[in-house]
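Here is what each chain is made of, one letter per residue.
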Amino acid sequence: MAPSHQEGGQEGILRRQSARESAARTYARALPIVPVRARGMTIEGADGRRYLDCLSGAGTLALGHNHPVVLEAIRQVLDSGAPLHVLDLATPVKDDFTSELFRTLPPGLAERARIQFCGPAGTDAVEAALKLVRAATGRDSMLAFTGAYHGMTAGALEVSGAAPSVRVARLPYPQDYRCPFGLGGAGGAELSARWTENLLDDTKSGVPAPAGMILEPVQGEGGVLPAPDGWLRRMREITAARDIPLIVDEVQTGVGRTGVFWAVEHSGIVPDVMVLSKAIGGSLPLAVVVYRDDLDLWPPGAHAGTFRGNQLAMAAGAATLAYVREHGLAERAATLGARMLAQLRTLAVDHPCVGEVRGRGLMIGVELVDARCDRGLPEGTAEAEIEHGSRVEGIDGLPPVARPRPPAPELAAAVQRECLRRGLIVELGGRHSSVVRLLPPLTITDEQATAVLDRLADALAAVARHDHG
């Protein structure tokens, strides 16, 4: 007889998970809780403790847990007697979802868009997008960016920053704190754009004509790095001038997360292909590729999936899309996100271990660094900066370049643990897992936002005291 969840309580469930599940499990290692109830931003564990959830299913839960409009949409399908599994056949539920999705798309794309329903995960939609542009162009190689994350299947890993591939050329993604050119700001973004142009136009670059370029308008797993709007426009100009399809991965940034419905709207660009998942399913598995109609050259069956007709996800997704649009939740994310960023930057003034606070809308990252490298010399002196690696003398008369402090993954993990003790669930990301990430639902209240910041500040102070001691 199988043991019930009552046997051993929460600890028993966690022990059985550890004994039975794969070593590849991830979130369960850092978050040893057993959720049994959830509503909005609040999760209750099997031990009775309550948590504010700033992970939101890695950005999936735009409306939080079990939002009434989502539950009602699911109940309507269940009560209607409609089939739950239909492969890729047309249904009223699918038609409603597609119509609502197209209503939200950037106008330049919506007017001539096609949609491909994929397997249930975003990584499958990335695979479909890569197949699409390769079929349309007859070319094979891809352009992708350092720090990127596009999924865990083979093709998606190829274009992610952590996996090498001979078919993918890596391009520098612009950022301020750890700019690969040591500049940051507009200067670093300009050099990134020029590097891309040179790579494509230099006949001896070793990079063949690509089938497409794929990028995230905000790198999430890469450390919450918003792409400058001007740089995104340059990427659009560069790819359009060379007939290179531009794929924008909006799996995590979409559905109001960054302060507009789709993150590309900040820059005003219209990509050739958009990869969408996570929040579009209203908490249930759903992934699609939306693309320009002239790219629709692949034959029937070129990309398929048994579960691409998830009726419950489409109903929940249509309800979520409509609710975000009708209630101005993207605008709310922009306003509240800006306020939270400002408060976190104030917090950073008192904590040298906070290297940078960055983000867009309700996609926020706090990078933690090793501030101890400055101890022993007067803070801010050139000698201290040079000796401890925060400043490098210029080459051949160029001005010295400021360098950020080393990342502190152990510190970030300690902050995550202290947050959990205080009833706050956060995620880690970034190149060295040194970035504390906040992805609250778009329905977060002002009071909940204050509680999140207070608990994070308290956790940071506790860890900093221990680290200092």
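Residues numbered from 1 in each chain as written. Predicted model: local features only at pLDDT ≥ 70, side-chain atom pairs only at ≥ 80, totals over all residues. Heavy atoms only, no water.

**Student:** Whenever I open this one, the sheet that holds strand 6 (residues 168-171) confuses me. Can you help?
**Tutor:** Two strands in a sheet stick together by hydrogen bonds in their backbones, pointing the same way (parallel) or opposite ways (antiparallel). One open sheet accounts for 7 strands, arranged 4-12-11-10-7-5-6; its pairing is mixed. Only two strands of the sheet have a single partner each, and these edge strands are strand 4 (113-117) and strand 6. Averaged over all pairs of adjacent strands, the angle between their axes in this sheet comes to 20°, without regard to strand direction. Bridge count between strand 7 (residues 212-215) and strand 10 (residues 246-249): 3 bridges; the pairing is parallel. Looking across to strand 10, one finds that I214 is bridged to I247. Against the sheet, helix 9 (residues 185-201) makes contact with strand 5 (142-145), strand 6 and strand 7, and its axis sits at roughly 150° relative to strand 6, the strand it touches most. (Pairing = 2+ DSSP bridges. Helix = DSSP H or I, 4+ residues; strand = E, 2+ residues; numbered from the N terminus. Axes fitted to C-alpha atoms, helices over the stretch in contact; angles between N-to-C directions. Contact = heavy atoms within 4.5 Å.)

**Student:** What should I look at first to understand the packing of helix 4 (residues 68-80) against helix 11 (residues 311-326) in this one?
**Tutor:** Axes are the key here: two packed helices are described by the angle between their axes and the distance separating the axes. Contact pair helix 4 / helix 11: the axes reach a minimum separation of 8 Å and the direction vectors enclose 145°. Between helix 4 and helix 11 the crossing geometry is right-handed. When helix 4 is examined against helix 11, the residues V69, V70, A73, I74, V77 and L78 are found in contact with a partner set consisting of L312, A315, A316, A319, T320 and Y323. Here the residues of the contact of helix 4 with helix 11 are counted per class, giving 11 nonpolar, 1 polar and no charged. (Left-handed = near helix turned anticlockwise from the far one by under 90°. Nonpolar A, V, L, I, M, F, W, Y, C, P; charged D, E, K, R; others polar.)

**Student:** How do you make sense of the pattern of salt bridges when you look at a structure like this?
**Tutor:** Side-chain pairs of opposite charge can arise where the charged atoms are in close proximity. A full pass over the atoms with the stated rule returns 27 salt bridges. Between E190 and R234 there is a salt bridge, and its shortest N-O distance comes to 2.7 Å. With a gap of 44 residues between them, E190 in helix 9 and R234 in helix 10 (residues 229-241) connect regions that are remote in the sequence. Beyond isolated ion pairs, a larger network of salt bridges with shared partners links R112, R236, D272, R292, D293 and D294. (Salt bridge = Lys/Arg side-chain N within 4 Å of Asp/Glu carboxyl O.)

**Student:** What exactly am I supposed to notice about the side chain of T91 here?
**Tutor:** For T91, the location among the structural elements is in the loop between helix 4 and helix 5 (92-104). Of the polar contacts made by the side chain of T91, one reaches the side chain of Q311; its length is 2.7 Å. Ignoring any residue separated from it by four or fewer positions in sequence, one finds T91 in contact with V86 and Q311. (Polar contact = N/O pair within 3.5 Å; in protein donor to acceptor, adjacent residues only side chain to side chain.)

**Student:** How should I be thinking about the environment of R112 in this particular structure?
**Tutor:** Here R112 lies in the loop between helix 6 (107-110) and strand 4. Classification of R112 by relative accessible area gives partly exposed; the value is 33%. The spatial distance from the C-alpha of R112 to the C-alpha of D293 is 5.7 Å, given a sequence separation of 181 residues. Excluding its chain neighbours within four sequence positions, the residues that come into contact with R112 are Y291, R292, D293 and D294. (Buried < 20%, exposed > 50% of the residue type's maximum accessible area, 1.4 Å probe, protein only.)

**Student:** Looking at this structure, I do not really get helix 11. What am I missing?
**Tutor:** Along an α-helix, residues three or four positions apart point the same way, because every turn accommodates 3.6 residues. When the terminal C-alpha atoms of helix 11 are compared, their 22 Å separation across 16 residues agrees well with the 22 Å that a helix rising 1.5 Å per residue should span. The element helix 11 is largely enclosed, with a buried count of 13 among its 16 residues. Put simply, N310 is the residue that caps the front of helix 11, since its side-chain oxygen is 3.3 Å from the backbone nitrogen of L312. Immediately beyond the C-terminal end of helix 11, within one or two residues, lies G328, with a positive phi of roughly 60°. (Expected span 1.5 Å × (residues − 1).)

**Student:** Looking at this model, I keep getting lost on the sheet that holds strand 17 (residues 424-425). Mind explaining?
**Tutor:** Pairing within the open sheet is mixed, and its 4 strands lie in the order 1-2-3-17. Among the strands making up the open sheet, the edge pair consists of strand 1 (35-39) and strand 17. Inspection of the sheet shows strand 3 (residues 50-53) paired to strand 17 by 2 bridges, in the parallel sense. In the sheet register, L52 faces strand 17, and the bridge partner there is L424.

**Student:** Looking at this model, I keep getting lost on the packing of helix 5 against helix 11. Mind explaining?
**Tutor:** Their axes nearest at 9 Å, the elements helix 5 and helix 11 cross at an angle of 30°. Helix-helix and strand crossings are classified by hand; for helix 5 and helix 11 the assignment is left-handed. Across the interface between the two elements, V93, K94, D96, F97, E100, L101, R103 and T104 of helix 5 pack against Q311, M314, A315, G317, A318, L321, A322 and R325 of helix 11. Here the contact of helix 5 with helix 11 is built from residues that sort into 8 nonpolar, 3 polar and 5 charged.

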